[in-house]
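Listed below are the residues making up each chain.
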Amino acid sequence: MDNVKKLSVLALSIAAALPVSAKADLLISEYVEGNSNNKAIELYNSGDAALDLTGYKLVRYKDGATNALDMVALDGLTIDAKKLKVIVHPSAEIALGSDVDSSTGNLYFNGGDAVALVKDGAVVDIIGAVPTPSGWGMNTTMQRNTDALSASNVFVESQWKVLPVDTFSGLGNLDGSSAPTEPEAPAFTCTGAKITPIYSVQGAGKSSPLIADGEYASKEEVTIRGVVTARGDSLFKGFYLQEVQGDGSPYTSDGIFVYLGEAAGEEIQPGVEVCVQGLVKEYYGLTQLDIKADKKMEVGENLGAPAATPFYVADGENLGDALERFEGMNVVLDAGSDMKVSRTFSYDYAARRNNMMLSYKAPLMKPTQLYPAMTDEAIALEKKNRANQLFVESDFKAKNGEVPYFPTFNAETGYIRVGDQLTNLEGVVSYSYNEYRLVATNEIVAGDFIREDDRVDAPEVATKGDIRVASFNVLNLFTSDSDVGGALNASCKDQADADASRGCGRGAHTLEDYLLQRTKIVSALTEMNADIIGLMEIENNGFGEDSSIQYLVNDLNANLPAADAYKFIEVADADKYKGEYVGGDAITVGMLYRPSKVEPTGDAFVIETPEQHAMEGVVTRGEGDKLELSPAFDKYQRHSLGQAFSVNGEKLTVVINHLKSKGSGCIEDWANFEDSSDPADLQGKCNEFRVSAAKVIGDVLQDVEGDLLVIGDMNAYGLEDPIRVLTDYDAANSDRDIMTASWTTLGGKVYEREGSKIEKGYGMVNLNTQVHGTATYSYSYNGELGNLDHALANTSLAARVVDIQDWHINSVESNLFEYSSKYTGELEKSENAFSASDHDPVIVALSYPAPKPEPKPEPKEKDDGGSLGYLGLMLLGLTGLRRRN
């Protein structure tokens, strides 16, 4: 408690300013700040008469504050002369003797708060200095010495003795001695108890039949007996019990979770028979038996754990229905379970831990990849997807870079891909945070993943067509960190900003990470064998020798023969921001090409995209006394980059794009009360803002001559509004309007103050849809697949398409194999192309055949007599006849 001494002078000066009462009979005699909600304050009446506590309250000085916050008003309570009263938190696990005078109150102080007893605004007594040193009283019990029982509005450390965390024995006893021990309760036994089968507790519905409608707990305790199948020491605190025989019904579960509120004792192990008694509760959708309070439990012999039950989904039911039938049971996923990986092992932001998500029969597809937003089909698929997911968990949080149930997880041979069928994994079926979870109970090997779409070292399309054009988001390929040595980007304030963890440098912050990232990207680019490559998320740090794009081209060409070498497109000085950059963002789009295959014609061009600038209060939402004025909004998008090429004498214009992301909201999201939630139309935030960009891009490109190919990360799935605007949207045939964003500017001038309705799309062809249909993908988010990366073409270019392929090297792989070492521990990385980024490259093979040379005319042969002969005349006659007909 050295910090208390250091602050004693300051504390005394503050105490002098606090309201002071006359000598008081009521004082604080004990303070408890323990684990979880184990908090208590003991009060002592040192006077000779009973004391009415009306006007008294307990307050706290939060985390060093000098102003008090109210906690518990003591009005209506009394304390007899020379007696104690203990105030405890309502959820505290503190057992008090039957003779202890106690009351509950919302004590929410922590180890960094001073606690004071106040009467009519004046401090009567206090424990802890004001301001309070951080953590001064955390996880401790403090008892006042019996020779210091006088109230003081200044904390005197020497008056108190400090005891270990969760010491409760002195509560209710002025001298700190233990309360009189009550007779020890007899050990709980199930002998003679009525045993309720577990399947009767579970029932055939989503909640237990023993719990009345509208309630969350049964009225009476029940006694169950079963064999332990798994312990829950961290994620779920308790253990799982299962009937040895069960009722043989497919509609009722034979297992249940027993809630202890803590890790089970060592005697609770799989195979041990246990009998418990408690209330049946529905805890946020999980049926459980709660024995936390009094631990009514009898441990029997080890009978051996029952074999895991094969999990299956019956005809006519969804995955959620099936999982409910197995809730609490230990199951195994076998070939008949038909469970596919829909999100590979990676970070789950909702659960705040690494896990994996499975779905039945096939990975989930994003509804707006297959259907327009807000259509009946999209809404139905969204509902179906939510009922078709199972999260695979480990009891303890996985260490960085490790899959607890898959110890041979590695980047070369022990990988997991979306679409793999998972077999031989055992686990108990549980439920929390609105999701079913399978808590793994065994370990699996690489052979337990049945590959339906395994890795391929090179895309098939790489050898097709006369030329190939590719789009590739390279996941923040940054060189500006001082450890790498590249130039600063357009958004950097200085080098320190580039080196900061939350500065302008979004990519690698070590040379080792950067070199791995670049090597993986070069591995992918080499195998793609494209002649024009559009890049997204490359650092916007110019075109000099130390720029990110130059570093990339240098390394790429070092791995290729000279005939296949690349150059990059540099925009004209007049189009550069501050004479160096393409726009003012930290990232930009870029373009590589092979001079041996295609020839740039004319200068590159930049398409500026709209910005959104809305002042505070320009939009309202709500009504009446809930009317709100909007905050200010300033939103930006990356500029697009275009270049015309000559390909075997034909003109091809390629435009690279990277529209606004779906993550942070625009003013339309705020107006719809969707600024802190996912928009109901499933298109992500800032959809109208992306539509504005699509409108500008479409307008600029309407008069392009020759073939046109628009590629890039549009941050819109296949049938979302921006893609429909660029392709075949027609307002006359749509039940829903597509709108642009409000409060937009373009090139520094007002573009649209109010959002406008799009009447007609720009007629481009979605090449993936033309060749493969709508069910294509290049990206995985939240367990759903879809295309954010597109290739759109005018009709003349669409006629040249030989093939198009999303090369699935990233979207279906675990992001633990990506370049960053921040959260991957000792996991060994690979230099191969897999997990080079988070987006798959999309590659288009095109037919641009070389012109055939004109045949040289051959001299005519002379005939004998100047006649063609009878057969020749006959053929000419027939030919003429056919032509006349």
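Since this is a predicted model, take the numbers as computed values, not measurements.

Draft legend 1. Region of the structure containing the overall build of the protein chain. When its secondary structure is counted, the protein chain shows 15 helices and 48 strands. Principal-axis analysis of the C-alpha atoms places the extent of the protein chain at approximately 150 × 70 × 55 Å. When burial is assessed residue by residue, the protein chain has 53% of its 885 residues classed as buried. Pairs at least 24 apart in sequence give 73% of the contacts found in the protein chain among residues at least 6 apart. When the accessible surface of the protein chain is split by element, carbon and sulfur atoms take 49% of a total near 39,900 Å².

Draft legend 2. Region of the structure containing the side chain of E668. With respect to the helices, strands and loops of the structure, E668 is situated in helix α10 (residues 667–671). Of the side chains with opposite charge, R690 lies nearest to the buried E668, which makes no salt bridge, at 10 Å. At 3.1 Å, the side chain of E668 and the side chain of Q612 are in polar contact. A polar atom in the side chain of E668 sits 2.8 Å from the backbone nitrogen of S742. E668 has contacts with Q612, E688, A741 and S742, leaving out every residue within four places of it along the chain.

Draft legend 3. Representation of the sheet that holds strand β29 (residues 467–477) in the model. Pairing is mixed in the open sheet, where six strands are placed in the order β31-β32-β30-β29-β48-β47. Bordering the open sheet on either side are β31 (567–568) and β47 (801–806), each of which pairs with just one other strand. With two bridges joining them, β31 and strand β32 (residues 587–593) adopt antiparallel strand pairing. Paired with F568 across the bridge in β32 is L592.

Draft legend 4. Just the sheet that holds strand β37 (residues 633–635), in detail. The four strands lie next to each other as β37-β34-β41-β42, forming an open sheet whose pairing is antiparallel. Whereas interior strands pair on both sides, the edge strands pair on one side only; in this sheet they are β37 and β42 (749–752). With direction set aside, neighbouring strand axes in the sheet form an average angle of 35°. Direction of pairing for strand β41 (residues 744–746) relative to β42: antiparallel, over a ladder of three bridges. Residue pairing in the sheet places T745 in a bridge with V750 of β42. Across the sheet, helix α11 (residues 687–701) is in contact with β34 (611–614), β37, β41 and β42; its angle to β42 comes to roughly 105°.

Draft legend 5. Molecular detail of the packing of aromatic side chains. All told, the structure shown has 19 aromatic pairs when counted by the stated rule. Here the aromatic rings of Y347 and Y349 are separated by 4.9 Å at their centres, their planes lie at 85°, and the arrangement is edge-to-face. Taking the relative accessible area as the measure of exposure, Y349 reaches 69% and is therefore exposed. Residues F406 and F449 carry aromatic rings whose centres are separated by 5.2 Å and whose planes lie at 45° to one another, so their mutual orientation is tilted. Residue F406 is found in the loop between β24 (390–393) and β25 (421–422), and its partner F449 is found in strand β28 (residues 449–450); the two are separated by 43 residues along the sequence. Each member of the pair, F406 as well as F449, carries the same accessibility label: buried. Aromatic ring contacts, followed pair by pair, group F345, Y405, F406, F409, F449 and F817 into a single cluster. Seen from the ring of F109, K39 lies directly overhead, with NZ or CZ sitting 5.5 Å from the centre. Seen from the ring of F834, R455 lies directly overhead, with NZ or CZ sitting 4.5 Å from the centre.

Draft legend 6. Spotlight on the side chain of E30. Its location among the elements puts E30 in strand β1 (residues 26–33). Of the polar contacts made by the side chain of E30, one reaches the side chain of Q143; its length is 3.2 Å. Once residues within four sequence positions are removed from consideration, E30 is found in contact with A40, I41, E42, T141, M142, Q143, W160, T167, G170 and L171.

Draft legend 7. View of helix α9 (residues 548–558). Buried residues dominate α9, accounting for eight of its eleven residues. Looking only at α9, the buried set comprises S548, I549, Q550, Y551, L552, V553, D555 and L556. Buried residues belonging to α9 abut β29, α8 (511–528), β30 (532–539), β31 and β32.

Draft legend 8. Quick peek at the packing of α8 against α9. Running from N to C, α8 and α9 point in directions that differ by 60°, and their axes come no closer than 10 Å. By the angle between their axes, α8 is oblique relative to α9. Taken as a pair, α8 and α9 cross one another with a handedness that is right-handed. Contacts between α8 and α9 involve Y514, R518, I521, V522, L525 and T526 from the first element and Y551, L552, D555 and L556 from the second. Here the residues of the contact of α8 with α9 are counted per class, giving seven nonpolar, one polar and two charged.

Draft legend 9. Main features of the pattern of salt bridges. The full count for this structure, using the stated rule, is 45 salt bridges. For D70, the salt bridge goes to K57, with nearest N and O atoms at 3.1 Å. One end of the pair, D70, is in strand β5 (residues 69–73); the other, K57, is in strand β4 (residues 56–61), with 13 residues separating them in the sequence. Looking at K57, the relative accessible area reads 27%, which means it is partly exposed. With a shortest N-O distance of 2.4 Å, D125 and R144 are connected by a salt bridge. One end of the pair, D125, is in strand β10 (residues 122–127); the other, R144, is in strand β11 (residues 140–144), and 19 residues separate them in sequence. In terms of burial, D125 and R144 fall into one category: buried. A cluster of three or more residues bridged by salt bridges with shared partners is formed by D338, K340, K361 and E452.

Draft legend 10. Structural context of the state of the cysteines. Evaluated as defined, the whole model comprises three disulfides. Shown here is the disulfide that connects C190 with C275, its sulfur atoms set 1.7 Å apart. For the disulfide bridge between C190 and C275, the dihedral angle about the S-S bond is near -100°, and by the sign convention the bridge is left-handed. One end of the pair, C190, is in the loop between β12 (160–163) and α3 (198–202); the other, C275, is in strand β16 (residues 272–283), and 85 residues separate them in sequence. Residues C190 and C275 agree in their burial class; the two are buried.

Draft legend 11. Region of the structure containing the pairing of strand β7 (residues 84–88). Burial within β7 is extensive, with five of its five residues counted as buried. Judged by which residues are buried, β7 turns out to be covered on both faces: L84, V86 and V88 on one side and K85 and I87 on the other are all buried. Relative to β7, strand β2 (residues 39–45) runs antiparallel, the two being bridged by five bridges. Along β7, the bridge assignment pairs A40 with V88.

Draft legend 12. Local environment of the nonpolar core. With 70 residues, the main nonpolar core has V469, I532, L592, F645, L652, L709 and L767 as its most contacted residues. Counting 44 residues, the second-largest nonpolar core is a separate cluster that includes V331, F345, L358 and L390.

Draft legend 13. Looking closely at the confidence of the model for the protein chain. Counting all residues, the mean pLDDT for the protein chain is 92, and 93% of those residues have values of 70 or more. In the model, residues 1–22 has pLDDT below 50 throughout and makes 35 contacts with residues more than four positions away in sequence or in other chains. Low confidence marks residues 865–885, where pLDDT is under 50. Its contacts with residues over four positions away, or in another chain, come to two contacts.

Draft legend 14. The environment of L279, seen in detail. Relative to the helices and strands, L279 resides in strand β16. The spacing of L279 and N687 is 408 residues in sequence and 49 Å in space, taken between C-alpha atoms. Not counting residues up to four positions away in its chain, the partners in contact with L279 are S218, K219, E220, E221, Q288, L289 and D290.

Each value, and the rule that gives it
- Residues numbered from 1 in each chain as written.
- Predicted model: local features only at pLDDT ≥ 70, side-chain atom pairs only at ≥ 80, totals over all residues.
- Heavy atoms only, no water.
- Helix = DSSP H or I, 4+ residues; strand = E, 2+ residues; numbered from the N terminus.
- Buried < 20%, exposed > 50% of the residue type's maximum accessible area, 1.4 Å probe, protein only.
- Contact = heavy atoms within 4.5 Å.
- Areas by Shrake-Rupley, 256 points an atom, 1.4 Å probe, with all protein chains shown as cover.
- Lys, Arg positive; Asp, Glu negative; His and termini not counted.
- Salt bridge = Lys/Arg side-chain N within 4 Å of Asp/Glu carboxyl O.
- Polar contact = N/O pair within 3.5 Å; in protein donor to acceptor, adjacent residues only side chain to side chain.
- Pairing = 2+ DSSP bridges.
- Axes fitted to C-alpha atoms, helices over the stretch in contact; angles between N-to-C directions.
- Phe/Tyr/Trp six-rings, centres within 6.5 Å; stacked < 30°, edge-to-face > 60°.
- Lys NZ or Arg CZ within 6 Å of the ring centre and 35° of its normal.
- Parallel < 35°, antiparallel > 145°, perpendicular 65-115°, else oblique.
- Left-handed = near helix turned anticlockwise from the far one by under 90°.
- Nonpolar A, V, L, I, M, F, W, Y, C, P; charged D, E, K, R; others polar.
- Disulfide = S-S within 2.5 Å.
- Core = buried A, V, L, I, M, F, W, Y, C linked by side-chain atoms within 4.5 Å.
- pLDDT = per-residue confidence, 0-100.

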